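Coordinate inspection notes
Chain by chain, the residues run as shown.
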Amino acid sequence: MNDSSWGAPPRGGQWGPPDQGHHPGFAPAAPAGPAYDGHEAQQTRPMPIVPDVPAGGDTGGGQDDRDRGTAPLSGPLFRDELPQRPDQPWQPHGQPRQDRSPQPENPQEPMPSPQSGAPQPTEPPGPPRKQKKRAGRDLRAAIGVGVGLGAVIVASLFVVKAVFVGVIAVAVVVGLWELTSRLQERKSIRAPLVPLAVGGAAMVVAGYVRGAEGAWVAMALTALAVLVWRMTESPEGYLKDVTAGVFAAFYVPFLATFVALMLTADDGPWRVLTFLVLTVVSDTGAYAVGWRFGKHKLAPRISPGKTREGLLGAVAFAMAAGALCMEFAIDGGTWWQGLLLGLAVAASATLGDLGESMIKRDLGIKDMGTLLPGHGGIMDRLDSLLPTAPVVWLLFVIFVGTG
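All of these numbers come straight from a predicted model, not from anything done at the bench.

The subject of this paragraph is the overall build of the protein. The helix and strand inventory of the protein stands at 11 helices and 4 strands. In the protein, of all internal contacts separated by at least 6 residues, the share reaching a separation of at least 24 is 62%.

All right, on to a nonpolar patch on the surface then. Together, V217, L221, L224, L227 and V228 make up an exposed nonpolar region whose accessible area comes to about 430 Å². Among the secondary structure elements, L224 is positioned in helix α5 (residues 193–230).

All right, on to unusual backbone geometry then. Leave glycine aside and you will find that most residues have negative phi; peptide bonds, for their part, are mostly trans. For S188, which is not glycine, the phi dihedral falls at a positive 60 degrees. Within the secondary structure, S188 is located in the loop between α4 (161–187) and α5. Residue classification places S188 among the partly exposed residues on the basis of a relative accessible area of 48%.

What follows is about the packing of aromatic side chains. On inspection of all chains with the given rule, the structure shows 7 aromatic pairs. Ring centres 5.4 Å apart and planes at 10 degrees place the aromatic pair F247 and Y251 in the stacked group. Placement of the pair is F247 and Y251 together in helix α6 (residues 238–263), with a separation of 4 residues, close to one helical turn. According to the relative accessible area criterion, F247 is partly exposed, its value standing at 38%. Look at Y251 and you get buried, because its relative accessible area is 11%. Measuring from ring centre to ring centre gives 6.1 Å for W336 and F399, while their planes differ by 70 degrees; the resulting arrangement is edge-to-face. Here F399 lies in helix α11 (residues 385–400) and W336 lies in helix α9 (residues 335–363), a separation of 63 residues in the sequence. Note on W336: relative accessible area 43%, which makes it partly exposed. Aromatic ring contacts, followed pair by pair, group W216, F250, F254, F258 and W393 into a single cluster. One Lys or Arg, R271, reaches over the ring of F396 and ends 5.5 Å from the middle of that ring. Here the guanidinium or amino end of R292 rests over the ring plane of F293, the centre of that ring lying 5.2 Å away.

Glancing now at helix α8 (residues 308–328). Spanning 21 residues, α8 covers 30 Å between terminal C-alpha atoms, matching the ideal 30 Å at 1.5 Å per step. What α8 keeps buried is the set E309, G310, G313, A314, V315, A318, A321, G322, A323, C325 and M326. In this structure, the buried residues of α8 make contact with α7 (268–293), β4 (303–307), α9 and α11.

A few words on the packing of α6 against α11. Two numbers describe how α6 lies on α11: the axes approach to 8 Å, and their chain directions differ by 35 degrees. Where α6 crosses over α11, the handedness of that crossing is left-handed. Each of Y251, V252, L255, A256, F258, V259, L261 and M262 in α6 lies in contact with α11, whose residues at this interface are L386, P387, A389, P390, V392, W393 and F396. Tallied by class, the residues present in the contact of α6 with α11 amount to 15 nonpolar, no polar and no charged.

Moving on, we come to the pairing of β4. The pairing of strand β3 (residues 297–299) with β4 spans 2 bridges and is antiparallel. Each residue of the ladder has a partner; that of A299, found in β4, is S303.

Now for the side chain of S156. Checked against the element boundaries, S156 lands in helix α3 (residues 139–159). Of the residues examined, S156 reaches a relative accessible area of 7% and is grouped as buried. Engagement of the side chain of S156 in a polar contact is seen with the backbone oxygen of V152, the distance being 3.0 Å. Side-chain polar atoms of S156 contact the backbone oxygen of I153, separated by 3.0 Å. Excluding residues that lie within four positions of it along the chain, S156 makes contacts with K161, V163, F164 and V167.

Among the nonpolar cores identified, the biggest contains 56 residues, and V259, M262, V272, F275 and L341 are the most heavily contacted of them. Looking at this core, the element that brings in the most residues is α6, giving 14 residues. Excluding residues that lie within four positions of it along the chain, L341 makes contacts with T274, L278, M326, V392, L395 and F396.

This brings us to the environment of R292. Among the structural elements, R292 can be located in helix α7. Along the backbone, R292 and G310 are 18 residues apart, and their C-alpha atoms lie at a distance of 8.9 Å.

Thresholds, definitions, all that
Residues numbered from 1 in each chain as written. Predicted model: local features only at pLDDT ≥ 70, side-chain atom pairs only at ≥ 80, totals over all residues. Heavy atoms only, no water. Helix = DSSP H or I, 4+ residues; strand = E, 2+ residues; numbered from the N terminus. Contact = heavy atoms within 4.5 Å. Patch = residues over 30% accessible without salt bridge, like charges linked within 9 Å, V, L, I, M, F, W, Y side chains within 5 Å. Areas by Shrake-Rupley, 256 points an atom, 1.4 Å probe, with all protein chains shown as cover. Salt bridge = Lys/Arg side-chain N within 4 Å of Asp/Glu carboxyl O. Buried < 20%, exposed > 50% of the residue type's maximum accessible area, 1.4 Å probe, protein only. Phe/Tyr/Trp six-rings, centres within 6.5 Å; stacked < 30°, edge-to-face > 60°. Lys NZ or Arg CZ within 6 Å of the ring centre and 35° of its normal. Expected span 1.5 Å × (residues − 1). Axes fitted to C-alpha atoms, helices over the stretch in contact; angles between N-to-C directions. Left-handed = near helix turned anticlockwise from the far one by under 90°. Nonpolar A, V, L, I, M, F, W, Y, C, P; charged D, E, K, R; others polar. Pairing = 2+ DSSP bridges. Polar contact = N/O pair within 3.5 Å; in protein donor to acceptor, adjacent residues only side chain to side chain. Core = buried A, V, L, I, M, F, W, Y, C linked by side-chain atoms within 4.5 Å.

The analysis is restricted to geometry; functional conclusions fall outside its scope.
Right under this line is the structure:
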């Protein structure tokens, strides 16, 4: 038997732990010679121990390696793995490696170039884009609701006058409901709605039937009814409640009564239509010109959206429409009267709009209601109509009489 037999270790060898490529339990001794000198051996790098892998086994350091208690193969001696970066999580051998490219701390910073290692040059920021002006409301809904209301008004105006008086009364009652509701919600002011609604509707009918005298009498009775109705509740806040009630009676139904007074003339429907057209045209001109060219604020503390350019647009549009309406729609009217009428309408409509803006700013609200999509509430449409009605009625009486 030679030295490599199973019975005894070979000459110079010794028993030791198993090793790959040798018999079990055998560890060869290092050969003697200058090449294996102790000094030189400290500079050599030992080969890693590679465990036996059964045929068809998992060589990727997966579950089989973990079951056997062996660590996955790693280190710079294996081509299929790169040294682990300290800022990257450990990846098991055999699993797909994650992208080890450097990631910027800020996602918006450019990635370093692989050639130069420096950030790629970025284009200098240009001038800020000019944002497109927005209307602030749903124009499609606003136009649709406006056309629908106009059709109802025109149909009732030229078919039966009494029907249009009913339309005015309904608008007055809804407007009073919106105003008193906002006063109670925002200021805890309890203006009595029942006497206001009944008295307001009666005021409009009395103005149509009995003229200006009937309107004044109905106004006085409505104010008295507000005083008496509020007495049924606690005296706390009585003064502010009745004051708000009298104000609401004057602001909404009494001013609306002048529309009914215009309607009593022979050409009453055309006078009312002229009044409505001029007010709408004034608002439209102010909006169109102010939206396109407006730069100088008209009353920034009251209504920041209104501009002086918009006011000039309202005046120009209303004067042009007034000249046409007075020349062709009103009996005995002339174009120069229409110019004055249009100027007065533009001024009163703007003041009326600013007046309600003052009320809404004091209440801390944007709209009086949400009944009309794209417009807000009824009061948001009556704001410029109500103060314009007595102005137009008076100028009609001066220019062409009561009819």
